[in-house]
Amino acid sequence: MNSSRLLDKAVDQFASLPGVGRKTALKFVLHLLKKDVQEVDDFLKSIGDLKKNIKECRRCHNISDGEICEICSDPKRDNTTLCVVENIKDILSIEATSQYNGLYHVLGGIISPMDGIGPADLHITSLVERVEQEPIREIIFALSATIEGDTTGYYIFKKMKNKEDLVISTIAKGISIGNDLEYTDELTRTMKPETPMHPARAEQSGQGREHLLSLKGLLAGILILLAILLVLMVWTMVSHRLP
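Residues numbered from 1 in each chain as written. Predicted model: local features only at pLDDT ≥ 70, side-chain atom pairs only at ≥ 80, totals over all residues. Heavy atoms only, no water.

> Explain the pattern of salt bridges here, please?
If charged atoms from side chains of opposite charge come close, those side chains can pair. Taken as a whole and judged by the stated rule, the model has six salt bridges. One salt bridge connects Arg59 with Glu134, and the closest N-O pair in it is separated by 3.1 Å. Residue Arg59 is found in the loop between strand E1 (55–56) and strand E2 (63–64), and its partner Glu134 is found in the loop between helix H6 (124–133) and strand E5 (138–142); the two are separated by 75 residues along the sequence. Since its relative accessible area comes to 16%, Glu134 is described here as buried. Residues Arg77 and Glu95 are paired through a salt bridge, measuring 2.9 Å at the closest nitrogen-oxygen approach. Remark: Glu95 occurs in helix H5 (residues 88–95) and Arg77 occurs in the loop between helix H4 (70–73) and strand E3 (78–85); sequence separation between them is 18 residues. Connected via shared salt-bridge partners are Arg59, Arg130 and Glu134. (Salt bridge = Lys/Arg side-chain N within 4 Å of Asp/Glu carboxyl O. Helix = DSSP H or I, 4+ residues; strand = E, 2+ residues; numbered from the N terminus. Buried < 20%, exposed > 50% of the residue type's maximum accessible area, 1.4 Å probe, protein only.)

> How should I be thinking about the side chain of Glu86 in this particular structure?
By the secondary structure assignment, Glu86 is in the loop between E3 and H5. Of the side chains with opposite charge, Lys89 lies nearest to the buried Glu86, which makes no salt bridge, at 8.1 Å. With sequence-adjacent residues up to four places away left out, Glu86 is seen in contact with Val106, Leu107, Gly108, Gly109, Ile110, Ala142, Leu143 and Ser144. (Lys, Arg positive; Asp, Glu negative; His and termini not counted. Contact = heavy atoms within 4.5 Å.)

> Would you take a moment to explain the layout of surface pockets for this structure?
Over the atoms rolls a probe the size of a water molecule, and in doing so it shows where empty space is left. Estimated volume of the largest pocket: approximately 280 Å³. Those elements that provide at least two residues to the lining of the largest pocket are helix H1 (5–15), helix H2 (22–34) and helix H3 (37–53). Class assignment for the residues of the lining of the largest pocket results in 11 nonpolar, no polar and no charged. (1 Å grid on protein atoms, 1.4 Å probe; cavity = no way out; pocket = protein on both sides within 12 Å on 5 of 7 lines; lining within 4 Å. Points joined across faces, edges and corners; volume = space filled by probe spheres on them. Nonpolar A, V, L, I, M, F, W, Y, C, P; charged D, E, K, R; others polar.)

> How should the sheet that holds strand E6 (residues 167–170) be read in this particular structure?
By definition, the strands of a sheet pair up through backbone hydrogen bonds, in either a parallel or an antiparallel sense. In space, the four strands of this open sheet follow the order E4-E3-E5-E6, with parallel pairing throughout. What marks the edges here is a single partner per strand, and that holds for strand E4 (102–106) and E6. Each adjacent strand pair in this sheet contributes to an overall mean axis angle of 25 degrees, direction not counted. Sheet analysis places E3 next to E4, joined by five bridges and oriented parallel. What sits directly across from Asp78, in E4, is Gly102. H5 rests against E3, E4 and E5 of the sheet, and its axis sits at about 160 degrees to E4. (Pairing = 2+ DSSP bridges. Axes fitted to C-alpha atoms, helices over the stretch in contact; angles between N-to-C directions.)

> What am I meant to see in the pairing of E3 here?
Consecutive side chains along a regular strand alternate between the two faces of the sheet. Within E3, six of the eight residues are buried, which leaves the element mostly enclosed by the surrounding structure. Taken together, E3, H5 and E4 form a β-α-β motif whose crossover is right-handed. Note that E3 and E5 share five bridges and pair parallel. Across the sheet, the residue bridging to Cys83 is Ile140, located in E5. (Right-handed = clockwise from strand over helix to strand, strands pointing away.)

> Any chance you could explain H6 here in plain terms?
What sets the pattern is the α-helix's 3.6 residues per turn: residues three or four places apart point alike. Among the residues making up H6, those that are buried are Ile124, Ser126, Leu127, Val128, Arg130 and Val131. Where H6 is buried, its residues contact E3, E4, E5 and helix H7 (147–159).

> I tried to follow unusual backbone geometry on my own but got confused; where do I start?
Across residues other than glycine, the phi torsion is negative in most instances, and most of the peptide bonds are trans. Here the phi dihedral of His61 falls at roughly 70 degrees; this positive angle occurs in a residue that is not glycine. Relative to the helices and strands, His61 is located in the loop between E1 and E2. Residue class for His61 comes out buried when judged on its relative accessible area of 12%. A positive phi angle is found at Ser98, which is not glycine, with a value near 60 degrees. Among the secondary structure elements, Ser98 is positioned in the loop between H5 and E4.

> Can you walk me through the nonpolar core in this structure?
Nonpolar side chains in soluble globular proteins tend to be buried together. If you look at the biggest cluster of nonpolar residues, it comprises 35 residues, and the most contacted ones within it are Val84, Leu127, Ile139, Ile156 and Met160. Among the secondary structure elements, those contributing two or more residues to this core are H4, E3, E4, H6, E5, H7 and helix H11 (218–241). Ignoring sequence-local partners within four residues, the contact set of Leu127 consists of Leu82, Val84, His105, Leu107, Ile156 and Met160. Within the second largest apolar cluster, six residues are counted, among which are Leu7, Val11, Phe14 and Val29. (Core = buried A, V, L, I, M, F, W, Y, C linked by side-chain atoms within 4.5 Å.)

Function cannot be read off these values alone, since they describe shape.
If you want it as structure tokens, here you go:
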């Protein structure tokens, strides 16, 4: 306990932030105490304005100052390419690379039956509507390389099966720069180069699943398919038990 209750209260507030312990919180508070009153007021005002005025883009569900975010309203962006991400942090990560010039769509999470998150809890319906209403020719999945991420991608893939000219692809998954091959898991080492998918053509030819499995090698595809079936079975069981 510190000598000041006001100090303790401020430390408690900072320590409630994710990834911030009490020692770090104390450093923040002591740093603010050294600042001028006007600087502290400006800091508090910016936080208050953020909470009061921040909005969600009604088009892509990104954070925005207005009804439409700056990315969606930028005429220089490629409006034929759509990158599907799990959350807003993923947009910030991709934008930091300066290698992508298309639009985004934030799902707000991924399908996870164990956490009680189903397709209805995500922005999948609005994604389908965007594909139908906008001149989108390619969708790029930038989801987590997990069972839940693959399940979500596969679910959306099936939703797009009637889109004749739509190409669906995914970001590359492989070995990070600086990592040794010997320490890489076998699943990553067996991955094949990413292959675009044409939902309508794949569905009509009966090879939709083969297109999906070709993204990761035969072994990886079989494991993922079994995992997806297990997740869907668990989700069905949980749904029936809910009141």
